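# Per-entry structural report
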Amino acid sequence: MRIGIGNTIPERVSLPGQSGGGVVIPNEFIFEVNAAIGDTIDLQTLNTASAADFVINWGEGSDETINATTASHTYTSSGTKVVKINKAGTNTPVNNFAVLATNEGRSMVTKISNWGNNEWYRLRDAFSACTNLTVIDSASQLLTASNASLLFYNTFKNCTGLTVADMSNWATNNVVWYLRGTFQGCTNVSLVKAPSSRVMPANYFGSIDASAFTNSPFRYVGSNVTDGATFEFEGLDFTQMSYAYITYAFANTRINGNTSSFSNWKFSSSIDRLTNLFYLASVRGTNPTLDCSGWTTFQGRYLNGTFRGLGGNTGLSLNLSNLNVSNVINMGLMMGHTHSPNSVANMIGLSTWGATGGGVNMSFAFGRMRFLKLTADDNFSDAFINSLSPITAESMFRQMGESVSSPYGEPPNLASLDLSNCSSLNSMFYRSRFSNLSDFTNVTFPTSTADFSNFMRDIITSSVTAHLDFSNKTFKPSGLSRAFETFRSANKITFPSGSNSDFSSLTNISYAFNNAGSNSRELEVVLPTDADYSAVTSWVNTFNNLNGPGTDTLTTCVGDTLIRRLHATSLNANQQSLNLGTTKLTGSPSVVDSNVIALETAGWTITSNSTDAAMPFVYTIPLTAGTPATPTGSFTGGTFSSSNSNIAVNATTGEINTPNAGNTTIRYTLADGCYNEQAIVVNLVLAQVNNVYSMEFDGTNDYIDLGNNFSFGNGTTDSPFSVSAWVKPDNLTIFRVIGKNGSAGDEWLFTTTSADKLTLFLYQNTTSNRIFQASGALTSTDWQHWAATYDGSGAGTGINIYINGTNINDGSGAAGSYTAMQNTTSSLKIGEGGGQYANGKIDEVAIFNVELTAQDVQSIYNATETGKTADLNDLTTPPVKWYRMGD
């Protein structure tokens, strides 16, 4: 049907609040503008996605009917103008509206007087940047369409004239609210009112971008208000919300902490994230409180960044009583981060938290809470801490209380925290301030490799713990860089050893104890006695200025242990500088002293600025079997032990009384595991060794035929070997110690030459190549120890000649190869080779199928000095053939 003359008005159903039936003429949507002559206002006028067919009154003159996507009006008079849209006669009302930025319109709007009876489909940017808008009507109800899209997207963004953000009369019958940037930039708002029903029918509240906060609906609200804006948000009901995120909603918001409340929210089961909810928000007022208590229905998994960088006045409290964390898996950055510190001074309700499901990300969870002071009555509950099983604890309590002056707060309750699955404890307590250290008694450390860098770096406590004892923990660090730098909160740190300790993946220990300890808080560091440091690539300032007991950097025990382990695992790799400061190392003849020399020979720089500590015990070297020997020195409270069961030592006195000869290491171990040790030799006296037990050769035709069944190596390529013997030559020229003749010549000989030089000849039958390595000229006809070693490389430099344990090569020789020793065609002989013979005495001839080290040769010489003998089987690699003359 038609009414009057003009456009057809379709029959419409009743709108909420109206009587049913017939044609419904909706009440107008009304707002006011302050116009000057010539000002133009441009409007977006849509119905869903198409042009609306509506009647508008611009506030001067008669009504105008418009059927277009935009409407524009230029004012011919000045003053306050009342604009009415969707007036009587409207066919298709405007329900997708915005004041456009193309002319003066946005600066002209001053008041919204009536939302009308129209159901709004979209109000995106409707009054965005209307900086002179001061009033939003709350008397009329704002109705929403069930199919609404992007409803409140930037609707009042940057309306800096607003003082009240009133949503109290917005209809909540449709779950279509799209709260994105809605009141963002409304810097002068001092009051935000929630819907009267408390229902928040949002399908979108904040941001879906995990790294962006520009979509916050309340960002910068209250910025220019002294105490911020009051949020009447207690008891908000999100149970209709099907969207999973409530994120960044209050990012950068300025909140009045004396009058606002966010407590007792009701959540739907689909809300999974409260990520960055109050990111960089500021809570103002006198001793303000951000009250988020009673979030008992939250079933989500993500609380990461929820209060990250929360700022405010000194004395800020955060009430999180009865927070439901049962499903939470991510609390990373919950409170702060490196560049977004948190200003909360009091945490309320920590003791009320229940258990999580475990496997929680705790990186920076409570980090950068620079003013926080925990109390004994309200600390982390046992149920919460014991359930975490975090995948990382990196920076978990980093810089907690850093800006607090003494007295500091209580340390975090660690209860029975299970860190066994943690990949990182990096900076866990870095620069924190507590009354004392947390109790680690029942804490389980990571069972796999984890990063301990900066672990307790710069931590400060009011009291000093006597002993930070990790000895019963699993300790497998991948990094210890700066772990205890400037640490002065304990007098002693003990690290585990044995199966609990694995340093094989440790790469960086630089600055680990730099500046730790002080004159009033001396720190004793006890490192593992069996740590493998072979992977470490940086020792820079590890112990720089460490103030240990008696002002020593490290105790003698720890210094000795460290050098022993470096020698055992890093002798030929990772040569570095290691400054031990004033550390005392056990002096000669301790193996520690020789280990330092060996490390420095291998390229290390070992620096110690003090004299070596005295040996706790010293034996005369070598000892004589059958003659009791007691150590000299000062030793109390320790136990002696011997590495060789055939050479027993009295555990209390250190006396050695044995009929057996051989090598052993005597160790003196104190009750705390510190030890020192001395390698010694026990010898047997040989009566007239040169006449009885040695074999004398006449230089004409004497020799010992060892047969042709002796071989080692594979017979086709070079193989390493070594030969050792004691000799007393009557004639230094052409003295055959041992030799083997081949079909084409001398396959190998250990002999002197006409130049009186000790020489090893190697000969290869098929190519006639000869390796010749000469020593310096011989001058003595006394008993001497001769040895030669070959590395099997085929190079002249691969041969070494020793006299009395000293390498005396002159560097001559030619490269070549030889066939590994085989006695299949000719005999091996002592005293003869190539038809030439020894003239003098020979004893203790030994052949090895490896290249002996210089230390091995020295050990043989030390063990068998003139007139004595020893058991060469005590060597790590015993000889394959050993001829003791007279046996």
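Computed from a prediction, not measured in an experiment: that's the story for all the values here. (Residues numbered from 1 in each chain as written. Predicted model: local features only at pLDDT ≥ 70, side-chain atom pairs only at ≥ 80, totals over all residues. Heavy atoms only, no water.)

## Focus on the packing of helix H3 (residues 556-570) against helix H4 (residues 591-601)
Where H3 meets H4, the closest approach of the two axes is 9 Å, and the angle between their N-to-C directions is 45°. In terms of orientation, H3 and H4 fall into the oblique class. With respect to the hand of their crossing, H3 and H4 are arranged in left-handed fashion. Contacts between H3 and H4 pair Asp560, Ile563, Arg564, Leu566, His567 and Ser570 from the former with Val591, Val592, Asn595, Val596, Ala598 and Leu599 from the latter. (Axes fitted to C-alpha atoms, helices over the stretch in contact; angles between N-to-C directions. Helix = DSSP H or I, 4+ residues; strand = E, 2+ residues; numbered from the N terminus. Parallel < 35°, antiparallel > 145°, perpendicular 65-115°, else oblique. Left-handed = near helix turned anticlockwise from the far one by under 90°. Contact = heavy atoms within 4.5 Å.)

## Here we look at H4
By the burial criterion, the buried members of H4 are Val592, Asn595, Val596 and Leu599. Along the axis of H4, the buried residues cluster in a sector spanning 105°; they form a single face. At its buried positions, H4 is contacted by H3 and strand S35 (605-607). Two or three places before Val592, at the start of H4, stands the capping residue Ser590, its side-chain oxygen 3.0 Å from that residue's backbone nitrogen. Backbone geometry just downstream of H4 places Gly603 in the positive-phi region, at approximately 115°. (Buried < 20%, exposed > 50% of the residue type's maximum accessible area, 1.4 Å probe, protein only. Arc of directions from axis to C-beta. Polar contact = N/O pair within 3.5 Å; in protein donor to acceptor, adjacent residues only side chain to side chain.)

## Here's the deal with H3
Between its first and last C-alpha atoms H3 spans 20 Å; for 15 residues at 1.5 Å apiece the expected length is 21 Å, and the two agree. Among the residues making up H3, those that are buried are Cys557, Val558, Gly559, Asp560, Thr561, Leu562, Ile563, Arg564, Arg565, Leu566, Thr569 and Ser570. (Expected span 1.5 Å × (residues − 1).)

## Structural notes on the pairing of strand S14 (residues 177-180)
By the alternation rule, side chains of S14 split into Trp177 and Leu179 and Tyr178 and Arg180, which are all buried. Here strand S12 (residues 152-153) pairs with S14 via two bridges, running parallel. Residue pairing across strands places Tyr153 opposite Arg180, the latter belonging to S14. Where S14 meets strand S16 (residues 202-206), three bridges bridge the pair, whose relative direction is parallel. Bridge pairing in S16 places Leu179 opposite Phe205. (Pairing = 2+ DSSP bridges.)

## Structural notes on the sheet that holds strand S15 (residues 191-193)
Reading across from one edge, S13-S15-S17 is the order of the three strands in this open sheet, with parallel pairing throughout. Here the strands that pair on one side only, and so sit at the sheet edges, are strand S13 (164-166) and strand S17 (230-232). Direction aside, the axes of adjacent strands within the sheet are offset by 5° on average. Two strands pair when backbone bridges link them, and S15 and S17 are joined in this way by three bridges, in the parallel orientation. Paired with Val192 across the bridge in S17 is Phe231.

## Details of the side chain of Glu844
Checked against the element boundaries, Glu844 lands in strand S53 (residues 839-848). In this structure Glu844 comes out as buried when scored by relative accessible area, which is 6%. Only 2.8 Å separates the side chain of Glu844 from the side chain of Trp882, close enough to count as a polar contact.

## Things to note about the confidence of the model for the chain
Per-residue confidence for the chain averages 87 on the pLDDT scale, and 89% of its residues sit at or above 70. Here residues 1-25 is a poorly scored stretch, pLDDT under 50, and it has 31 contacts once near neighbours within four places are set aside; other chains count. Contacts from residues 685-692, a stretch scored under 50 in pLDDT, to residues over four places away or in other chains number 16 contacts. (pLDDT = per-residue confidence, 0-100.)

## Some remarks on the sheet that holds S12
The strand order across the open sheet built from four strands is S12-S14-S16-S19, with neighbouring strands paired in parallel fashion. The sheet is open, and its two borders are formed by S12 and strand S19 (246-247), each paired with just one other strand. Bridge count for S16 against S19 is two bridges, and the pairing is parallel. Paired with Phe205 across the strands is Ile246, a residue of S19.

## Re the environment of Asn809
Its place among the elements puts Asn809 in the loop between strand S49 (806-807) and strand S50 (828-830). Residue classification places Asn809 among the partly exposed positions, given a relative accessible area of 26%. Spatially, the C-alpha atom of Asn809 lies 10.0 Å from that of Lys757, the residues being 52 residues apart in sequence.

## Comments concerning the pattern of salt bridges
One pass over the structure, following the stated rule, counts 13 salt bridges. A salt bridge links Glu485 to Arg457; the shortest N-O distance between them is 3.2 Å. Of this pair, Glu485 sits in the loop between strand S31 (477-479) and strand S32 (492-494) while Arg457 sits in the loop between strand S28 (450-451) and strand S29 (460-461), and the two are 28 residues apart along the sequence. When sorted by exposure, Glu485 lands in the same class as Arg457, which is buried. Here the salt bridges do not stand alone but share partners, grouping Arg457, Asp458, Arg482 and Glu485 into one network. (Salt bridge = Lys/Arg side-chain N within 4 Å of Asp/Glu carboxyl O.)

## Quick word on the packing of aromatic side chains
What the rule picks out here adds up to 84 aromatic pairs. Measuring from ring centre to ring centre gives 5.7 Å for Phe231 and Phe250, while their planes differ by 85°; the resulting arrangement is edge-to-face. With a gap of 19 residues between them, Phe231 in strand S17 and Phe250 in the loop between S19 and strand S20 (254-256) connect regions that are remote in the sequence. The same class applies to Phe231 as to Phe250, namely buried. If you follow Arg273 out to its NZ or CZ, it ends over the ring of Tyr302, 3.9 Å from the centre. If you follow Lys829 out to its NZ or CZ, it ends over the ring of Tyr703, 4.8 Å from the centre. (Phe/Tyr/Trp six-rings, centres within 6.5 Å; stacked < 30°, edge-to-face > 60°. Lys NZ or Arg CZ within 6 Å of the ring centre and 35° of its normal.)

## Side note on the side chain of Thr752
Take Thr752: it is sitting in strand S44 (residues 745-752). Within the structure, Thr752 has its side chain in polar contact with the backbone oxygen of Leu732 (distance 2.8 Å). A distance of 3.0 Å separates a polar atom in the side chain of Thr752 from the backbone nitrogen of Ile734. Residue contacts for Thr752: discarding those within four places in its chain leaves Leu732, Thr733, Ile734, Phe735, Arg736, Lys757, Leu758, Leu778 and Trp786.

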